[in-house]
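# Observations on the model geometry
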Amino acid sequence: MAARISAFLILLGFLVGNLFRFSFSSSSIHISLLDLAVIFLYLCTLHKIKFKLNILTIFILWLFITLIIGSLNHWIIGLLESFAYLFRYCLYIFSFIPINLIYSQSQKKSLITALAFMFPIIGAIQYFWFPDLRPFIIYGWDEHYLRVFGTILDPNFYGMML
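In what follows, the accompanying structure is described. (Residues numbered from 1 in each chain as written. Predicted model: local features only at pLDDT ≥ 70, side-chain atom pairs only at ≥ 80, totals over all residues. Heavy atoms only, no water.)

### A few points about helix α2 (residues 33-45)
The condition is simple: By definition, any uninterrupted DSSP run of H or I lasting at least four residues is a helix, any uninterrupted run of E lasting at least two residues is a strand, and each is numbered from the N terminus. Expected helix span is computed as 1.5 Å times (number of residues minus one). Categorising residues by exposure relies on relative accessible area from a 1.4 Å probe, with only protein chains included: less than 20% of the type maximum marks a residue as buried, more than 50% marks it as exposed, and the intermediate range marks it as partly exposed.
Under the 1.5 Å per step criterion, the end-to-end length of α2 is 19 Å for 13 residues, consistent within 8% with the ideal 18 Å. All buried positions along α2 are accounted for by Leu 34, Asp 35, Ala 37, Val 38, Leu 41, Tyr 42, Cys 44 and Thr 45.

Structure representation (C-alpha coordinates):
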(Lines give C-alpha, C1' and ligand atoms only; values in the text may rest on other atoms or scores of the structure.)
Protein backbone atom coordinates (compact mmCIF):
# COMPACT_ATOMS: atom_id res chain seq x y z
CA MET A 1 0.00 0.00 0.00
CA ALA A 2 2.80 2.43 0.87
CA ALA A 3 4.47 1.60 -2.45
CA ARG A 4 1.36 2.59 -4.39
CA ILE A 5 0.90 5.82 -2.46
CA SER A 6 4.54 6.82 -2.82
CA ALA A 7 4.53 5.90 -6.53
CA PHE A 8 1.46 8.08 -7.06
CA LEU A 9 3.00 10.96 -5.09
CA ILE A 10 6.32 10.71 -6.96
CA LEU A 11 4.54 10.61 -10.32
CA LEU A 12 2.35 13.54 -9.33
CA GLY A 13 5.35 15.41 -7.91
CA PHE A 14 7.29 15.08 -11.16
CA LEU A 15 4.29 16.08 -13.25
CA VAL A 16 3.35 19.08 -11.11
CA GLY A 17 6.98 20.13 -10.73
CA ASN A 18 7.40 23.60 -9.28
CA LEU A 19 3.91 24.84 -10.07
CA PHE A 20 2.78 24.24 -6.49
CA ARG A 21 5.41 24.92 -3.89
CA PHE A 22 5.41 26.73 -0.59
CA SER A 23 8.03 28.46 1.47
CA PHE A 24 8.64 29.19 5.11
CA SER A 25 7.77 32.86 5.75
CA SER A 26 10.03 35.12 3.68
CA SER A 27 12.81 32.56 3.37
CA SER A 28 14.09 31.31 0.05
CA ILE A 29 13.63 27.71 1.20
CA HIS A 30 10.86 26.17 -0.90
CA ILE A 31 9.17 22.78 -0.56
CA SER A 32 7.51 21.14 -3.56
CA LEU A 33 5.21 18.15 -3.84
CA LEU A 34 8.13 16.09 -5.15
CA ASP A 35 10.12 16.92 -2.00
CA LEU A 36 7.23 15.71 0.15
CA ALA A 37 6.87 12.56 -1.97
CA VAL A 38 10.54 11.66 -1.56
CA ILE A 39 10.36 12.28 2.20
CA PHE A 40 7.27 10.01 2.37
CA LEU A 41 9.18 7.36 0.42
CA TYR A 42 12.00 7.47 2.96
CA LEU A 43 9.58 7.33 5.88
CA CYS A 44 7.91 4.23 4.42
CA THR A 45 11.22 2.39 4.13
CA LEU A 46 13.10 3.75 7.13
CA HIS A 47 12.79 0.48 9.02
CA LYS A 48 14.33 -1.47 6.10
CA ILE A 49 17.35 0.74 5.48
CA LYS A 50 20.51 -0.38 7.26
CA PHE A 51 23.32 2.11 7.46
CA LYS A 52 26.83 0.84 7.03
CA LEU A 53 30.05 2.79 6.88
CA ASN A 54 30.60 2.76 3.15
CA ILE A 55 31.39 5.31 0.49
CA LEU A 56 27.86 6.78 0.59
CA THR A 57 28.01 7.37 4.34
CA ILE A 58 31.44 8.93 4.07
CA PHE A 59 30.17 11.18 1.26
CA ILE A 60 27.20 12.37 3.33
CA LEU A 61 29.44 13.05 6.32
CA TRP A 62 31.82 15.01 4.09
CA LEU A 63 28.89 17.10 2.78
CA PHE A 64 27.74 17.97 6.30
CA ILE A 65 31.26 18.80 7.46
CA THR A 66 31.75 21.16 4.51
CA LEU A 67 28.36 22.70 5.28
CA ILE A 68 29.40 23.43 8.86
CA ILE A 69 32.83 24.76 7.89
CA GLY A 70 31.44 26.85 5.05
CA SER A 71 28.71 28.36 7.19
CA LEU A 72 30.96 29.70 9.94
CA ASN A 73 30.81 33.17 8.39
CA HIS A 74 27.06 33.15 7.66
CA TRP A 75 24.02 34.07 9.65
CA ILE A 76 21.59 31.40 10.80
CA ILE A 77 19.30 31.94 7.77
CA GLY A 78 22.17 31.20 5.41
CA LEU A 79 22.95 28.08 7.39
CA LEU A 80 19.32 26.95 7.21
CA GLU A 81 19.16 27.57 3.46
CA SER A 82 22.39 25.67 2.91
CA PHE A 83 21.19 22.81 5.06
CA ALA A 84 17.86 22.66 3.20
CA TYR A 85 19.59 22.43 -0.18
CA LEU A 86 22.02 19.83 1.13
CA PHE A 87 19.20 17.80 2.67
CA ARG A 88 17.21 17.90 -0.58
CA TYR A 89 20.32 16.95 -2.57
CA CYS A 90 21.01 13.93 -0.34
CA LEU A 91 17.39 12.81 -0.44
CA TYR A 92 17.27 12.91 -4.23
CA ILE A 93 20.71 11.41 -4.83
CA PHE A 94 20.13 8.45 -2.52
CA SER A 95 16.45 7.88 -3.34
CA PHE A 96 17.42 4.75 -5.26
CA ILE A 97 17.90 2.98 -1.90
CA PRO A 98 14.24 3.07 -0.76
CA ILE A 99 13.00 2.67 -4.33
CA ASN A 100 14.90 -0.61 -4.65
CA LEU A 101 13.54 -1.76 -1.28
CA ILE A 102 9.83 -1.35 -1.94
CA TYR A 103 9.34 -1.54 -5.72
CA SER A 104 9.59 -4.62 -7.87
CA GLN A 105 11.29 -4.48 -11.26
CA SER A 106 7.96 -4.28 -13.09
CA GLN A 107 6.73 -1.45 -10.82
CA LYS A 108 9.89 0.57 -11.46
CA LYS A 109 9.53 -0.01 -15.20
CA SER A 110 5.89 1.11 -15.24
CA LEU A 111 6.70 4.23 -13.19
CA ILE A 112 9.49 5.22 -15.58
CA THR A 113 7.24 4.47 -18.58
CA ALA A 114 4.49 6.68 -17.19
CA LEU A 115 6.93 9.54 -16.61
CA ALA A 116 8.52 9.11 -20.04
CA PHE A 117 5.07 9.23 -21.62
CA MET A 118 3.75 12.24 -19.69
CA PHE A 119 6.76 14.58 -19.79
CA PRO A 120 6.73 15.24 -23.57
CA ILE A 121 2.95 15.67 -23.56
CA ILE A 122 3.09 18.22 -20.75
CA GLY A 123 6.00 19.99 -22.46
CA ALA A 124 4.12 20.26 -25.76
CA ILE A 125 0.97 21.55 -24.05
CA GLN A 126 3.02 24.11 -22.13
CA TYR A 127 4.90 25.28 -25.24
CA PHE A 128 1.76 25.94 -27.26
CA TRP A 129 -0.44 27.18 -24.41
CA PHE A 130 2.01 29.27 -22.36
CA PRO A 131 5.43 29.77 -24.01
CA ASP A 132 6.38 32.88 -22.02
CA LEU A 133 7.75 32.75 -18.46
CA ARG A 134 8.56 36.46 -18.30
CA PRO A 135 5.49 37.40 -16.19
CA PHE A 136 6.92 35.28 -13.36
CA ILE A 137 10.21 37.20 -13.08
CA ILE A 138 8.77 39.04 -10.08
CA TYR A 139 8.43 35.67 -8.31
CA GLY A 140 12.08 34.77 -8.79
CA TRP A 141 11.89 32.70 -11.98
CA ASP A 142 14.25 33.19 -14.90
CA GLU A 143 13.18 34.90 -18.09
CA HIS A 144 12.35 32.23 -20.68
CA TYR A 145 10.53 32.94 -23.91
CA LEU A 146 9.56 30.36 -26.55
CA ARG A 147 11.19 27.50 -24.66
CA VAL A 148 9.85 24.25 -23.30
CA PHE A 149 10.12 24.57 -19.53
CA GLY A 150 7.21 22.32 -18.54
CA THR A 151 6.09 22.19 -14.94
CA ILE A 152 9.68 22.33 -13.72
CA LEU A 153 9.88 25.98 -14.94
CA ASP A 154 13.48 25.47 -16.02
CA PRO A 155 14.19 24.58 -19.67
CA ASN A 156 17.63 23.08 -19.00
CA PHE A 157 16.44 20.78 -16.24
CA TYR A 158 13.28 19.89 -18.16
CA GLY A 159 15.36 19.04 -21.22
CA MET A 160 17.50 16.78 -19.08
CA MET A 161 14.37 15.04 -17.81
CA LEU A 162 13.12 14.49 -21.36
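### Remarks on the nonpolar core
Operational definition: To form a nonpolar core, buried Ala, Val, Leu, Ile, Met, Phe, Trp, Tyr and Cys residues must be joined to one another through side-chain atoms within 4.5 Å.
Ranked by internal contacts, the top residues of the largest apolar core, which has 20 residues, are Ile 10, Phe 14 and Phe 119. Elements supplying a minimum of two residues to this core: α1 (2-16), α2, α4 (76-93) and α6 (105-129).

### With respect to the pattern of salt bridges
Note the following rule: Whenever Lys or Arg places a side-chain nitrogen within 4 Å of a carboxyl oxygen from Asp or Glu, that contact is recorded as a salt bridge.
This model, assessed by the stated rule, comprises 1 salt bridge. Put simply, Asp 132 and Arg 134 hold a salt bridge, and the shortest N to O gap is 2.9 Å. A relative accessible area of 18% means that Asp 132 is categorised as buried. On the basis of relative accessibility, which here comes to 36%, the residue Arg 134 falls in the partly exposed class.

### As for the environment of Asp 132
Put simply, the test is: Should any heavy atoms of two residues lie within 4.5 Å, those residues are considered in contact. The term polar contact refers here to a pair of N or O atoms within 3.5 Å; inside protein, the definition further demands a hydrogen-donor-capable atom paired with an acceptor-capable atom, and it admits residues adjacent in sequence only when both atoms are side-chain atoms.
Locating Asp 132 in the fold gives a position in the loop between α6 and α7 (155-161). When near neighbours in sequence (up to four residues on either side) are disregarded, Asp 132 contacts His 144, Tyr 145 and Phe 149. At a separation of 2.9 Å, a polar atom in the side chain of Asp 132 contacts the side chain of Arg 134.

### With respect to the side chain of Asp 35
Mapped onto the elements of the fold, Asp 35 is located in helix α2. Classification of Asp 35 by relative accessible area gives buried; the value is 6%. Setting aside residues no more than four positions away along its own chain, Asp 35 makes contact with His 30, Arg 88 and Tyr 92.

### Points about the packing of aromatic side chains
For clarity, the cut-off: The aromatic pairing rule takes the rings of Phe, Tyr and Trp, using the six-membered ring of Trp, and pairs them if the centres are within 6.5 Å, calling planes under 30 degrees apart stacked, those over 60 edge-to-face and the rest tilted. Only when the NZ of Lys or the CZ of Arg is both within 6 Å of the ring centre and within 35 degrees of the ring normal is a charge said to sit over the ring.
Counted according to the given criterion, the structure contains 1 aromatic pair. The interplanar angle of 80° and the centroid separation of 5.4 Å between the aromatic rings of Tyr 127 and Phe 128 together place this pair among those described as edge-to-face. A residue is classified by how much of its surface remains accessible, and Tyr 127, at 29% relative accessible area, is partly exposed. One residue, Arg 134, lies across the ring of Tyr 145, its end atom 4.2 Å from the ring centre.

### A look at the environment of Asn 100
Note on placement: Asn 100 falls in helix α5 (residues 96-102). C-alpha separation for the pair Asn 100 and Thr 45, spaced 55 residues apart in sequence, amounts to 10.0 Å.

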